[in-house]
Each structure stands twice: as C-alpha cells, then as structure tokens.
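Report on the structure
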Amino acid sequence: MLSILTRGLTFAAIIFCSSSYAGNLIQNSDAHAHIDLDGPWHYIVDPYENGFYNHRYQEHTRDGYFKNAQVKHPSDLIEYDFASAATLNVPGDWNTQQDELFFYEGTVWYQRDFSLDKSRNERYILHFGAANYEAVVYVNGEKVGTHIGGFTPFEFDVTGAVKDGDNFVIVKVDNRREREQVPTVNTDWWNYGGLTRSVKLLTLPKQYISDYTIHLADDDNRTITGWIELGTGDKNAKVTLEIPALDIKHTLKFSDEPRQSFSIKAKPNLWSTAEPTLYEVNIRYNDRTISDRIGFRQIAVKDEDILLNGEPIFLKGISIHEESALHPGRAWSKEDARQLLTMAKDLGVNFVRLAHYPHNEHMVRMADEMGLLVWSEIPVYWTVLFERDDVYANAENQLTEMISRDKNRASVILWSMANETPKSEARLGFITKLANKARELDDTRLITAALDTSSETDKGKHIDDPLSEVVDVIGINNYCGWYGKKPAECAGIKWHSDYNKPVIMSEFGGGALAGYHADAEQRWSEEYQADVYRHNLTMIDNMSFLRGMTPWILKDFRSPRRPLTNIQDFWNRKGLVSDKGVKKQAWYILNEYYQQH
Ligand code: GCB
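Residues numbered from 1 in each chain as written. Predicted model: local features only at pLDDT ≥ 70, side-chain atom pairs only at ≥ 80, totals over all residues.

- Looking at an unreviewed UniProt entry, the protein carries the name Beta-glucuronidase, with the source organism given as Gilvimarinus japonicus.
- Recorded in UniProt for the protein, the comment headed Sequence similarities (unreviewed entry) runs: "Belongs to the glycosyl hydrolase 2 family." (UniProt positions renumbered as here; feature names shortened; annotations may be inferred.)

Put into structure tokens, the structure is as follows:
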C-alpha cells in the first residue's frame, strides 16, 4: 500500500510538472539539429530501487545512482559503477537483450556519456521517443524531469543542466505494472521495459519553430490550412512556409502570439491509398529550415459511410502489435516498420490498426509513404480505474502526446480512445471526456473505440453500448468461433445497430500453431483457424453497416497470458503469420477475400 501511495503521489507531481511540455512537443524532432544518443548505454538492474531510495525509503538526494559517483580514494565505498557495467542497446527493450531480464519488471538504470560544444545561444532539449513505463531523467547528477506512459514521446529543456565538454545522462526506467496505470496490470501483450525508442539532444537556436500543423481544409480541398508556433516570443518573427511542388511560398508575420494561423489556396494531388502523394514542406525561420513530407486528404463520415476525399471507402485492414518481424522484441526502426507494413500490404490491406498503444513514429511515417490508412490508439485497455481523476489525467496526457506527434500524418484517420472497456457510468464519462479532448486538439480526424459489449438478442447481436453515441466510427471486437460458439455457428449470425454510424469489425480471429495440421475441429490447427475466418467473413458480409475490419492479428506476438506448452509457449498464436513470418492457412483466406472486395 505504501508503495502504491508513494507512486500515486509521485504521479500527481509528475502530471503537474510535465504539463508545460505535454502536448507541446517539438514537432518533427528528427528534422531539428541534434546529437544522437542512440547506441550502447551502461545499465544496472535495481529491483529494490536501491539507487533511488535510502534505507528509510526516502528518495536519495546526494547518493543515488544518478550521481554516477566514481571511486577517488582506495577507501571509498561506492556500491555501483556504471563505467564497468554491461551495456544495453538504445533503442530497444531490455527483455530480449539479456536472458536475465526476459520476465523482469522493475527498475533498470541507464547511463551514457556525451560531449557537447555548448553555445550560449543555443537551447538544449533532451528528447525520448518513448520509455516504458516511468522514466526519471537526470543530467550531470541533477533531476530534469519524470515521465509516465510507455508509448509516447517526451522531452525536457536541459539548457541549464548541460555544460561545455563532458556530460552524462542517467535514466531510471521502471516497468512495474500497477493497478492505477494506463494500461493497468492486466493486458495481453509483453511488458517490454526500457528506452524502447531513440534518444537525442536537440540543439536549437534561442528562437525556433516548436510546432506546426498543416493539412487540407475540411470543407474545401483547394485550401491548405494550419498554424505554425514558435518556441519563444519574437514579435518581429517572419517565417516562410514553402511547398515547392505546389509553388507555394508564404510568409507569416508574427506579432504578440507565438502561434500564427494561415490559409493558402492550392491544388494538391490528394493523398489516397492508391496514390499516396506526399509534398516536401519547408519551414524557414532565421537561418534554420525544418523539412517535412506531408500528404493532403479529407476524411469524414456520412451516415454509415466513411468518406476518403469525399468517396466512400471500405477499410480492408489488419491489427498489428509493435513487435518486430526482423528481431525479437519491440519494433523501433524504420526497417521494422517497412517489414511489418510490407507484410500487411502483401495481405491486401489498405488499413492497419496499430494496437493497443501509439506505435513508433516510423510506423506512421511509413504508412504515409505506402498509402496505408491508420487507426492509432492509447492503452485505455480493459479495466483501467475509470473512477480516478489521476488515471484520467494520465490517459489524457498520453492522448495529447500521441496527437501532438502524429497530427501531420495523412495516413492517420482514426484516434481510438479505448479497447474493450466494461460498461459503467464512470467509464462512459471518462471516455467521453477523452473524445472531447481529442476533438479539441484535432478536429480533422475521426474518433473511435473498440467495444466488446454488444447484447445477445433472439434476433442476433445488438450494438447498443451507449459509448457508440460518443464515437464517429464504432469498433466491434467479437471472437465468434474462438471464445464462444463453434466456427460453423458464426456464419448465420445477424447484427443490428441502434446507431446510424459506420462500424468496423476491429477484432475477430482465432489461434493456430503454424505448421500444425489436423481436422478443422482441432483447436490450434491451421485448419481450425481458417474455419474461424471463413465463417466470420460470411457473417461480416451480412452486416449492412460494416465499413471495415482489422482481424486479430498480423503476426503472433509475445504474451505472458499464453503459457500453453508446445502450442503457445508465451505467444498469442492468433497471427496470420507465425512469429517467424510463416504464413498460416487463414492468411490465404483473408488475402483472397480482400482481393475479391
Ligand atoms: C482481445 C483483445 C486483444 C487480445 C485478443 C485475444 O479482445 O483486444 O488485446 O490479444 O482479444 O487474443 O484474446
């Protein structure tokens, strides 16, 4: 109880102190000048948090591991030493880099040195792509900030903490699961810990572009609109926005406000799944230029239809976890993204559900390039504590960071608020508030949530969860033929909806061990899984309001919930391909279905 309380208190403070940065992340951080801090970091495993708390369980102020102390005199007692400690690669989870850390949940300290030519005219921002789950960050022995949430970027202004010459950064990463977290203790994926995405030190001029959003106007596909924001006040700032291929060169003059809006007439080729046109966009301010590649498209709903650039579209999709097909563990690189999305494209999809948390930025940028539409979600999964304000604040912070990072990606059309949450008043209030927040931050995309709460009636399945009222597109997870009923019983099921809205079957499927062949009655055989797909696809054909689907799931993924020896061995086997990328029978069934539709 004490530890939960302490962590709760820490959390309240964190939300408070990080709020100035939440939603205020530097847009397109890779495009800014930076020092790359990826590579080997020394690490110390600290299950008792000995480097953080003293023997009275008070936070160390002088002697913690974050001080990176070195022996100076032979009689010195220092019981840790980063310099001689082994290393882990960053980015990367710790579980798949060290056998001893495979099941580990707790604290690991990371340390690395870097040198800097410190200039008085520069501002230094330490940026993390993500760290799962709680990160406490120190530069040269001083705490610079804390972040909560395992899948979104965060950053701290470290201008006052860095010095000319040699510096070191230390991060305490803790992936312990706790009831009040988002996600909570209970999930169906591996709790990979560590500095799972890239780390860099942005070296910005004193005045810099901090953020921008550039998109097609919702009501006019001949207008590019948006805003540009400066990191500091500059009353005389002039910023030039250039899109060379569209002959756009537009100067924005700033006055008192750091954010300046614009609206420019243009005739872009619209971004679509068939032709994912991206335009080079350059934003110049003083002597620096930030470049991006941006697509222009519209997304909307009309009654039961989803409209891409005004035309109804059927979302032929697949769900994906952020697990690499190239190496064990979390995916993090551009190559990982290319591989996963190429596998998805090969299946015949135009849409991917990035489950169940925001994936790394390469995924959405690669989806932009490849013409894949994206559903992106936050880990409000199953039974988070909907009654608690601090849990809400945490979820909203993760939502804000997700939207802040990806708001310029044409591929992203749906922000998902939650997955399979149990019906209650508190849950409805919590997710409604999240949806309102998402719309306030970004009114150019659609809101969804995956529900598993339809009722059984004598006429069939009835979509009647009041949360459907809140979303633009209703997601339905339903495992007919796997968690209930025989596969053959699924084909005849009829669905009804109380809402005049598009529905996506956001999950269905079943498990199979690749290479295990038997009768279709035999659980875990490829034949059984194929049968689940056959009958569910027949059922789906009868859903008049269905506008898409993302069956569960592209590739087998690791999960501690799945211990069955010789079948699961801690893998969720619902992949259409095995963890090694071998196609199962069901892959061909879905592939054929997508080719015909
Ligand atoms: C679900 C969950 C997903 C699980 C899946 C399963 O409904 O949304 O996270 O992995 O079922 O395999 O049971």
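Once the structure has been displayed, the description carries forward.
1. Let's talk about the UniProt feature "domain: Glycoside hydrolase family 2 catalytic" (unreviewed entry) in the protein
- In the numbering adopted here, UniProt assigns the feature "domain: Glycoside hydrolase family 2 catalytic" (unreviewed entry) to residues 299-536.
- For the annotated span residues 299-536, helix accounts for 29% and strand for 25% of the residues, and the straight-line distance between the end C-alpha atoms is 28 Å. (Helix = DSSP H or I, 4+ residues; strand = E, 2+ residues; numbered from the N terminus.)

2. Notes on helix 4 (residues 389-406)
- Taking 1.5 Å of rise per residue, 18 residues should cover 26 Å, and helix 4 covers 26 Å from first to last C-alpha, within 8% of that figure.
- Taking burial as the measure, the 18 residues of helix 4 include 15 buried ones, the bulk of the element. (Expected span 1.5 Å × (residues − 1). Buried ≥ 20, exposed ≤ 12 C-beta atoms within 10 Å, placed from the backbone.)

3. Regarding the sheet that holds strand 26 (residues 455-457)
- Pairing within the open sheet is mixed, and its 3 strands lie in the order 26-27-29. Unpaired on one side and paired on the other, strand 26 and strand 29 (495-497) mark the two borders of the sheet. If you compare each strand with its neighbour and ignore which way they point, the axes differ by 30 degrees on average.
- Strand direction decides the pairing type here: strand 26 and strand 27 (residues 460-463), joined by 3 bridges, are antiparallel. Each residue of the ladder has a partner; that of Ser455, found in strand 27, is His462. (Pairing = 2+ DSSP bridges. Axes fitted to C-alpha atoms, helices over the stretch in contact; angles between N-to-C directions.)

4. Observations concerning the site of the ligand
- For the ligand, the full set of nearby residues is Asp188, His356, Asn419, Glu420, Asn477, Glu507, Trp552, Asn572 and Lys574.
- Each residue belonging to the shell around the ligand can be placed in one class, and the counts come to 1 nonpolar, 4 polar and 4 charged. (Near = placed C-beta within 6 Å. Nonpolar A, V, L, I, M, F, W, Y, C, P; charged D, E, K, R; others polar.)

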